[in-house]
Amino acid sequence: MAVQVYADLPGRRARQVAVDLGMLGWIMVWAWVGREVYSSIVALRAPADRLRDSGTSLAGSMSNAEQQLGDVPILGDRLQGPFGAAADTAREVAVAGQDLGDAITRGALISGWTTALVPIVVVGGLWLWWRVRFTRQASAARFLLSGQADTDLFALRALTSHSVATLARIHPDPGAAWRRGDPGVVAALAALELRRLGLVPRPHPNPR
């Protein structure tokens, strides 16, 4: 069965294309907003990175001093102690800076993805439902038309899916005319239903 993605009627097809392009633009806009949110938050990890780098640098300096003081006769062991403790403290500072930076990055990722995905998923879900619904209905109708289906089927659908006011514009009593097999009413009802589906009505409906 061929898939009817867009309507045959030019006006409706143009609206569908416009909505599809609008959805693409919506995705691009919110993807950009999510990226900006991520960039804004992740920029806050700069102080944490400086803290990590300073701790790492200080730990390296204290470790080198500790090793050099170990060569000092007699007092070497005593002098090493404070520098070793300072090196350990500096390493803890470096780890804390790294952990803080990682936490900021995780928060930035979560915030960025959430900012982008929530509006995309909500609006995109509605858009997808609308497009899938049209495609399924129009494709089924196109399949029936390609199989030379009796237009009575579409006329009956029109009687059940359109308002009384709309049907009254076709005939004062469209139900009775349909039961009698009035070819003009049947054709008009079928055309009404096909237009609702976005399809071009068949120019010559099947006779009863």
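### A closer look at the overall build of the chain
A count of helical and extended segments in the chain gives seven helices and zero strands. The proportion of buried residues among the 208 residues of the chain is 31%. Considering only contacts within the chain whose residues lie at least 6 apart along the sequence, 74% involve residues at least 24 apart. As presented, the chain carries roughly 12,700 Å² of accessible surface, and 66% of it is formed by carbon and sulfur atoms.

### Observations concerning the side chain of glutamine 4
Along the polypeptide, glutamine 4 turns up in the segment before α1 (10-42). Given a relative accessible area of 10%, glutamine 4 falls into the buried group. Reaching out from glutamine 4, the side chain makes a polar contact with the side chain of aspartate 8 at a distance of 2.9 Å. Once residues within four sequence positions are removed from consideration, glutamine 4 is found in contact with Phe134, Thr135, Ala138, Ser139, Arg142 and Leu199.

### Structural notes on the packing of aromatic side chains
To describe a pair of aromatic rings, one takes the distance between the centres and the angle between the planes. In total, this model carries one aromatic pair according to the counting rule given. Its end group placed over the ring of tyrosine 6, arginine 131 keeps NZ or CZ at 4.8 Å from the ring centre. Across from the ring centre of tryptophan 130, 5.6 Å away, lies the NZ or CZ of arginine 131, which sits over that ring.

### As for helix α4 (residues 152-161)
Helical periodicity: at 3.6 residues per turn, an α-helix aligns residues three or four positions apart in one direction. Taken as a whole, α4 has its buried residues at Asp152, Phe154, Ala155 and Ala158. An end-on view of α4 places all buried positions within 165 degrees of arc, on one side of the element.

### Remarks on a nonpolar patch on the surface
Taken together, Val3, Val5, Tyr6, Val17, Leu21, Leu24 and Met28 make up a surface patch of nonpolar side chains, about 640 Å² in accessible area. Here methionine 28 is to be found in helix α1.

### Notes on the confidence of the model for the chain
For the chain, mean pLDDT is 84; residues scoring 70 or higher make up 85% of the total. Between the elements of the chain, mean pLDDT differs from a low of 80, seen in helix α2 (residues 46-69), to a high of 95, seen in α1. This stretch, residues 204-208, has a pLDDT under 50; its non-local contacts, to residues over four places away or in other chains, come to 10 contacts.

### Observations concerning the nonpolar core
Counting residues in each nonpolar core, the largest one holds 10 residues, listed as Ala7, Phe134, Ala138, Ala141, Leu145, Phe154, Ala190, Leu194, Leu197 and Leu199. The set of elements that each furnish at least two residues to this core consists of α3 (76-146) and α7 (183-196). Of all the elements, α3 adds the most residues to this core, at four residues.

### Focus on α1
An ideal rise of 1.5 Å per residue puts 48 Å on 33 residues; α1 measures up with 48 Å between its terminal C-alpha atoms. Listed as buried for α1 are Gln16, Asp20, Met23, Gly34 and Val42.

### Focus: the packing of α4 against α7
Two elements in contact, α4 and α7, have axes separated by 7 Å at closest approach and are oriented at 70 degrees. Judged on the interaxial angle alone, α7 and α4 are roughly perpendicular. For the pair α4 and α7, the contacting residues are Asp152, Phe154, Ala155, Arg157, Ala158, Leu159 and Ser161 in the first and Val186, Leu189, Ala190, Leu192, Glu193, Leu194 and Arg196 in the second. A class-by-class count of the residues in the contact of α4 with α7 yields nine nonpolar, one polar and four charged.

### Some remarks on the pattern of salt bridges
A complete count under the given rule lists seven salt bridges for this structure. Its salt-bridge partner being aspartate 49, residue arginine 45 comes within 2.9 Å of it at the nearest N-O pair. Like arginine 45, the residue aspartate 49 is buried in the burial classification. Here the salt bridges share partners, and the residues they tie into one network are Arg45, Asp49, Arg52 and Asp53.

What counts and what doesn't
- Here the residue numbers are simple positions, counted from 1 along each chain's written sequence.
- Whole-chain, interface and lining totals are the exception, using all residues; otherwise, since this is a predicted model, local features are given only for residues with pLDDT of at least 70 and side-chain atom pairs are given and counted only at 80 or more.
- To get the side-chain values, take all heavy atoms of the structure and skip hydrogens and water.
- Strands here mean DSSP runs of E at least two residues long; helices mean DSSP runs of H or I at least four residues long; both are numbered from the N terminus.
- With a 1.4 Å probe rolled over the protein chains alone, any residue whose accessible area is under 20% of its type maximum counts as buried; one over 50% counts as exposed, and the rest are partly exposed.
- Contacts are assigned to residue pairs that have any heavy atoms within 4.5 Å of one another.
- All accessible areas in this document rest on Shrake-Rupley with a 1.4 Å probe, and a residue is counted as covered only by the protein chains that are shown.
- A 3.5 Å cut-off defines polar contacts: any pair of N or O atoms within that distance qualifies, except that in protein one atom must be a possible hydrogen donor and the other a possible acceptor, and neighbouring residues in sequence count only when both atoms are side-chain atoms.
- Pairs were defined over the aromatic rings of Phe, Tyr and Trp, the Trp ring being its six-membered one, requiring ring centres within 6.5 Å. Orientation was assigned from the angle between planes: stacked under 30 degrees, edge-to-face over 60, tilted for the rest.
- Only lysine NZ and arginine CZ atoms are considered, and such an atom sits over a ring when it is within 6 Å of the ring centre and within 35 degrees of the ring normal.
- Throughout, the arc means the angular range of directions from the helix axis out to the C-beta atoms.
- A residue counts toward a patch only above 30% relative accessible area and without a salt bridge, and it is joined to like-charged neighbours within 9 Å or, for Val, Leu, Ile, Met, Phe, Trp and Tyr, to nonpolar neighbours within 5 Å.
- For this analysis, a salt bridge means a side-chain nitrogen from Lys or Arg found within 4 Å of a carboxyl oxygen belonging to Asp or Glu.
- The predictor attaches a confidence to each residue, called pLDDT, with possible values from 0 through 100.
- Throughout this description, the term nonpolar core refers to a set of buried Ala, Val, Leu, Ile, Met, Phe, Trp, Tyr and Cys residues connected via side-chain atoms within 4.5 Å.
- What a helix should span is 1.5 Å times the count of its residues minus one.
- Here the axes come from fitting lines to C-alpha atoms, over the contacting stretch only for helices, and the angles between their N-to-C directions go from 0 to 180 degrees.
- Angles below 35 degrees are treated as roughly parallel, those above 145 as roughly antiparallel, those between 65 and 115 as roughly perpendicular, and all remaining angles as oblique.
- Residue polarity follows a fixed list, in which Ala, Val, Leu, Ile, Met, Phe, Trp, Tyr, Cys and Pro are nonpolar, Asp, Glu, Lys and Arg are charged, and the others, Gly among them, are polar.

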